[in-house]
Amino acid sequence: MTEALVENHFANTHERKCNERYTVRLPFNELRSQLGNSYAMASRRLDKLLISLATNAVKRECYFAFMAEYLSLDHMEESDQDNREGYFIPHHAVFKETSSTTKMRVVFDASAKTTSGLSLNDIVRVGPTVQNDLQTVILRFCSHPVVLTADIRKMYRQVWINKDDRKFQKVIWMDNKGVRKIFELKTVTHGVASSPYHATKALIQLTIDEGKDFSLAEQVIRYDSYIDDFLTGGGSSEEVIRIYNALSSLLKRGGFEVHKFCSNDPKVLNEIPEDLQEKCISFKETGIENTVCALGLIWNSIDDFFTFDVESSSREITSSTKRMVLSDIGRLFDPLCFSGPIITRTKLIMQQIWRLGLKWDDELRGDLLQEWIRFKSQLPVVNQIKKATLYYSKQHDTN
């Protein structure tokens, strides 16, 4: 019922002029009128952020540059109403060293509570999933002899939020003189509960509005996309080159720019400008080179296989807590269960921890601790797994 309401709301309120970006409205629920005040909360969070950034000059420079870019790209603007109506979103930084491009991103916390105990995310509806699930996208990817990966640059920020709803996406930041000002985020924003739906629904709507001219790209967007990533392919270099051209052209009509292209076929890469290609990374721990991140999986595009990068501990492990164990297990991302027996063992260890009723920061003891220490020391063995990308195609079907 709720999902149908969000779908109808989008259908009735989204806007787009010819060859321009989509504009959407926030899908509020019945709790909207109960939203409290949030300015003081957001101001306190900014104080803490600035204190933290003051201890690291590099991170401070990155953060200020990020916000300056946000302004320069016209993705936020100073509010023309100096009042505290609406909702103020606190923000902080997350640093990701494994990214080939953006090492830092700003997280907007729309779940932060107002004085009424409600947040922005409490008063908007989430919306349905309109793309295939992760496993389906990866399995389809593995069925193509020639493959292509890519993603949309700043995807969420290519969809506008209606001007009347931007007061619910206010942030406190400084102008170029260091004076605190109130700004409004003008686009769909990471951290807002409805944003994944809005961004992906805009893509699907683009296939409805313009897909008739780009049938290959329409199929890719509908079946081979997951959030802002594309994992697709075809039976030949020529077909994949056509997919590349069609996908770029269709997305451009909706204001989306696609980049970070990668392929297992040099002929395909030769048709793609170098500045639009993904930068390969290498892992010192495993010695594996020429890899890119494809939906969280480590993919060697030259030799065409999936693998893992689990770091071995540089120091002896003598203690661990429930929280630390779960964190270590979470680093082993394996949606297709290439390391199935290993994952099963991690679940069994975690099951024992739960049965003992340990709290998050309680330390493991006795035999359980020794079992975890042995297991963690052996975990880097998964780095030896090299799973060929192509596991099935009609060309290889002998039946």
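Here the structure is a predicted model, which means the values were calculated and not measured. (Residues numbered from 1 in each chain as written. Predicted model: local features only at pLDDT ≥ 70, side-chain atom pairs only at ≥ 80, totals over all residues. Heavy atoms only, no water.)

A. How the structure looks around unusual backbone geometry. Positive phi, normally seen in glycine, also occurs at I227, with a value near 55 degrees. Judged by relative accessible area, which is 26%, I227 ranks as partly exposed. Phi at C337 takes a positive value of approximately 55 degrees, unusual for a residue other than glycine. As for its placement among the helices and strands, C337 is situated in the loop between α9 (322-330) and α10 (340-355). For C337, a relative accessible area of 48% puts it in the partly exposed group. (Buried < 20%, exposed > 50% of the residue type's maximum accessible area, 1.4 Å probe, protein only. Helix = DSSP H or I, 4+ residues; strand = E, 2+ residues; numbered from the N terminus.)

B. The arrangement of the sheet that holds strand β2 (residues 76-78) in detail. An order of β2-β8-β7 is seen for the 3 strands of this open sheet, with the pairing classed as antiparallel. The open sheet has two edge strands with one neighbour each: β2 and β7 (170-174). The sheet shows a mean angle of 40 degrees between the axes of neighbouring strands, taken without regard to direction. With 5 bridges joining them, β7 and strand β8 (residues 180-185) adopt antiparallel strand pairing. Bridge pairing in β8 links I172 to I182. Contacting β7 and β8, helix α2 (residues 39-53) crosses the sheet at an angle of about 40 degrees to β7. (Pairing = 2+ DSSP bridges. Axes fitted to C-alpha atoms, helices over the stretch in contact; angles between N-to-C directions. Contact = heavy atoms within 4.5 Å.)

C. Representation of the side chain of Q205 within the structure. Here Q205 lies in helix α5 (residues 195-210). Discounting chain neighbours no more than four positions away, the residues touching Q205 are F10, H14 and Y22.

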